[in-house]
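Chain and residue survey
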Amino acid sequence: MTEATIPFEEALAAYDPVLGLEVHVELNTATKMFCGCATTFGAEPNSQVCPTCLGLPGALPVVNEKGVESAIRIGLALNCEIAEWCRFARKNYFYPDMPKNFQTSQYDEPISFGGFLDVELDDGTVYRVEIERAHMEEDTGKSLHVGGATGRIHGADHSLVDYNRAGIPLIEIVTKPMLGTGERAPEIARAYVAALRDLVKALGVSDVKMEQGSMRCDVNLSLMPKGSTTLGTRSETKNVNSLRSVERAVRYEIGRHGAILSSGGKVVQETRHWHEDTGITTSGREKSDAEDYRYFPEPDLVPVAPSRETVEALRATLPENPAARLRRLQSTWGYSDLEMRDVVNAGLVETIEETVAAGATPAGARKWWSGEVARRANTDGQDVSSYAAGLGVTPAHVVELEGLVTAGRLNDSMARQVWEGVLDGEGTPTLVADARGLELVRDDGALEAAVDAVIAANPEVADKIREGKVQAAGALIGQVMKAMKGQADAAKARALILAKLGQS
Amino acid sequence: MAELTRDDVAHLAGLARIDLSDAELDRMVGELGVILESVAKVQKAPTDGVEPMSHPLPLTNVTRADVVVPSLGTQAVLAAAPAVEDDRFSVPRILTED
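Keep in mind that what you see is a predicted model, and the values were worked out from it rather than measured. (Residues numbered from 1 in each chain as written. Chains lettered and ligands numbered in written order. Predicted model: local features only at pLDDT ≥ 70, side-chain atom pairs only at ≥ 80, totals over all residues.)

**A short note on the overall build of chain B**
Broken down by element type, chain B carries 3 helices and 3 strands. Of the regular secondary structure in chain B, the N- to C-terminal order runs α-α-β-α-β-β. Relative to the globule expectation of 13 Å for 98 residues, the C-alpha radius of gyration of chain B, 22 Å, shows a markedly less compact shape. C-alpha atoms of chain B, sized along the principal axes, occupy 55 × 45 × 30 Å. Relative to its 98 residues, chain B shows a buried fraction of 6%. (Helix = DSSP H or I, 4+ residues; strand = E, 2+ residues; numbered from the N terminus. Rg over C-alpha atoms; globule rule 2.2 N^0.38 Å. Buried ≥ 20, exposed ≤ 12 C-beta atoms within 10 Å, placed from the backbone.)

Here it is as structure tokens:
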């Protein structure tokens, strides 16, 4: 059922969007949050469950130490305060994906709160997203709906549940309402989720693979009439699981809310489902009031009270902020904004970092990794680093190739042929150059003879150069290179021509 | 404290998925009312300067290392399920989406 929407621009002419994002990050701990069951992705159904995560009577949960540490590190990276003392709470609801009939979560005492994340947009402007809280909880089981349309709840006659995921640690990161985003709301939402993903990835506490569900995003959106300061009724769109979808879902909801409000209607506070294929949202279950979950402190777990020493020790383990790191690398490498963006988008930052560390120039590292190898990786549907690793091509190869050029053994076009050979699995650059007989002619006598012949054959050009038109040398260099079958050093040829014509 | 109403009890019964008949509802309003009155007396105790307690044991930070221990095993897990299909718990249709 499609609902009415109005164009995005029309909605924004009359209303200001207010955005709120809830992101769930699944931690990459070896075990679940409250029991020692493994968390391996893709294991046989119900093979990683025990009495605790099944909620069997008498089973007692115990908190995973690494889960708490990861939660604190995420909180610190988001500039949050870390609670000196906090508890878990039971969020009570009946749904078969949670066999205990409650989810162990945190309610009014989150482990971290009151932070922010500065998000850099494409044009370089920075939007500060205020973080309300980041709390610990556990994931639910996975339901497969059988009958009716594949996988959807609608029309299913029964559901099949796998509890392997039930109890895997989650950190839920909740923003404060984001105001003043205007027409950039969709872009900011996307940029925030991307920045958060990069940050969590840099922390190494989660795979943050949106396509595998280890990072999931709920989008809260409301509109308020321009100039108003009273928040409107919001909708909560669940499971928006790609960066592009986050942007689209915000845009769609702005148009839908706009249509309801501008026709004098009232937005219903509800959960919405996002449909990736059609790019729309549809109504889900109505949102229960918070009190309907009847939260209460979890009696089976004792409070978490991280000492300030622990917190500071964890703070010392924080990696450099990903955005700041990119700025630092760009300035060290001397790349233009465009070059840096291409390198980032191609996933080449780490590879180039390693290559430069191994001794290559930043320009050389970028050139060799983003040319032919990137094209081949792309054809193969892989990112460059995994593709290169699969071929056994390493930063050392780039360093060696560059060395052959600097040493004057190869010119640029030869180096390209050698690199192709390396990618074809013919061995190291030196081996490829040897095998293919690629080497600049070092016999200066042969080069000199070629230069003399070309000057003799082009007296008019030679005269021009004698008169000082040095740029005319290009035509002669081209002919010398041709005579040498490409195996000459063009710079050397140029120097020789100019010297013979009195211009050096 | 406000008096517990029949609507409150019906609401709570709904949340807890307990199906109460009219007669049971009437009885529960009275019984729960008495319990609430008794608990209300505790709330009158002077607690100024007393730290709230959430656990009878004065413990914090009871954790375990992130080390895998064997799970129950799929067969044992599914033996407890009322209905099984494809190694998963088969449950009635959940909610309608639209």
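Structure's up, so let's keep going.
**Some details on the overall build of chain A**
A count of helices and strands for chain A gives 19 helices and 15 strands. Over its C-alpha atoms chain A spans a radius of gyration of 31 Å, topping by over 25% the 23 Å that the globule rule assigns to 504 residues. Each principal axis of the C-alpha distribution contributes one length, and for chain A these read about 95 × 55 × 50 Å. Taken across its 504 residues, chain A has 40% of its residues classed as buried. Within chain A, residue pairs in contact and separated by at least 24 positions form 69% of the contacts whose partners lie at least 6 positions apart. (Contact = placed C-beta atoms within 7 Å.)

**Brief notes about the sheet that holds strand E15 (residues 296-297) of chain A**
Residue and element names in this part refer to chain A. Strand order in the open sheet made by the 3 strands is E5-E4-E15, with antiparallel pairing throughout. Pairing within the sheet leaves two strands with one partner each, and these edge strands are strand E5 (102-105) and E15. Looking at chain direction, strand E4 (residues 89-92) and E5 are connected through 4 bridges and run antiparallel. Note on E5: the bridge partner recorded for Asn92 is Phe102. (Pairing = 2+ DSSP bridges.)

**Looking at the packing of helix H3 (residues 65-77) of chain A against helix H4 (residues 185-203) of chain A**
Two measures define how a pair of helices packs: the angle their axes make with one another and the distance between the axes. All names here are of chain A. Orientation of H3 relative to H4, taken along the N-to-C sense of each, is 130°, at an axis distance of 10 Å. In terms of axis orientation, H3 runs oblique to H4. With respect to the hand of their crossing, H3 and H4 are arranged in right-handed fashion. Residue-level inspection shows Arg73, Ile74 and Ala77 of H3 in contact with H4, the latter providing Leu199, Val200 and Leu203. Each residue belonging to the contact of H3 with H4 can be placed in one class, and the counts come to 5 nonpolar, no polar and 1 charged. (Axes fitted to C-alpha atoms, helices over the stretch in contact; angles between N-to-C directions. Parallel < 35°, antiparallel > 145°, perpendicular 65-115°, else oblique. Left-handed = near helix turned anticlockwise from the far one by under 90°. Nonpolar A, V, L, I, M, F, W, Y, C, P; charged D, E, K, R; others polar.)

**Observations regarding helix H13 (residues 395-406) of chain A**
Residues and elements named next belong to chain A. Taking 1.5 Å of rise per residue, the 12 residues of H13 would be expected to cover 16 Å, and the 17 Å separating its terminal C-alpha atoms lies within 8% of that figure. For H13, the set of buried residues is Pro395, His397, Val398, Val399, Glu400, Leu401, Glu402 and Leu404. Phi turns positive, to about 85°, at Gly408, one or two residues after H13. (Expected span 1.5 Å × (residues − 1).)

**Considerations on the interface of chain B and chain A**
Each partner contributes to the interface: chain B provides 35 residues, whereas chain A provides 48 residues. In terms of residues, the side of chain B that touches chain A owes the most to one element, strand E3 (residues 88-92) of chain B, which gives 5 residues. For the side of chain B that touches chain A, the per-class residue count stands at 16 nonpolar, 9 polar and 10 charged. Pairing analysis gives 2 bridges linking strand E2 (residues 63-64) of chain A to strand E1 (residues 63-64) of chain B, with the strands arranged parallel. For Val63 of chain A, the partnering residue across the bridge sits in E1 of chain B and is Thr63 of chain B.

**Some points on the confidence of the model for chain B**
Residues and elements named next belong to chain B. Of the residues in chain B, 93% reach a pLDDT of 70 or more, and the chain-wide mean stands at 87. Per-element confidence in chain B ranges from a low mean pLDDT of 89 for helix H1 (residues 6-15) to a high of 96 for E1. On the interface metric, ipTM, the complex scores 0.84, and its pTM is 0.79. (pLDDT = per-residue confidence, 0-100.)

**Some points on unusual backbone geometry**
Even without a glycine there, the phi angle at Asn46 of chain A is positive, about 55°. Here Asn46 of chain A lies in the loop between strand E1 (15-26) and helix H2 (51-54). Residues other than glycine seldom take positive phi values, yet Asn61 of chain B does so here, at roughly 50°.

**What about the sheet that holds strand E2 (residues 84-85) of chain B?**
Strand pairing within a sheet occurs via backbone hydrogen bonds; the two strands may be parallel or antiparallel. One open sheet accounts for 4 strands, arranged E8(A)-E9(A)-E3(B)-E2(B); its pairing is antiparallel. In this open sheet, the two strands that pair with only one neighbour each are strand E8 (142-146) of chain A together with E2 of chain B. The pairing of strand E9 (residues 158-162) of chain A with E3 of chain B spans 4 bridges and is antiparallel. Bridged to Val161 of chain A within E3 of chain B is Phe89 of chain B.

**Observations concerning the environment of Thr281 of chain A**
All names here are of chain A. Within the element layout of this structure, Thr281 appears in strand E14 (residues 280-286). Taking the C-beta count within 10 Å as the criterion, Thr281 has 25 such neighbours and is therefore assigned buried. Separated by 69 residues in the primary sequence, Thr281 and Glu350 have C-alpha atoms spaced 38 Å apart. Setting aside residues up to four positions removed in sequence, Thr281 forms contacts with Thr237, Ala249, Tyr252, Glu253, Arg272, His273 and Trp274.

**Let's talk about the pairing of E8 of chain A**
For a regular strand, side-chain orientation follows a simple rule: the groups alternate between the two sheet faces. Residues and elements named next belong to chain A. Residue alternation in E8 divides its side chains into a buried set, Ser143 and His145, and an unburied set, Lys142, Leu144 and Val146. For E8 and E9, the ladder comprises 5 bridges, and the chain directions are antiparallel. Along E9, the bridge assignment pairs Ser143 with Val161.

**Section: the environment of Asn321 of chain A**
Looking at the secondary structure, you find Asn321 of chain A in the loop between helix H6 (308-315) and helix H7 (322-333). C-alpha separation for the pair Asn321 of chain A and Leu199 of chain A, spaced 122 residues apart in sequence, amounts to 6.8 Å.

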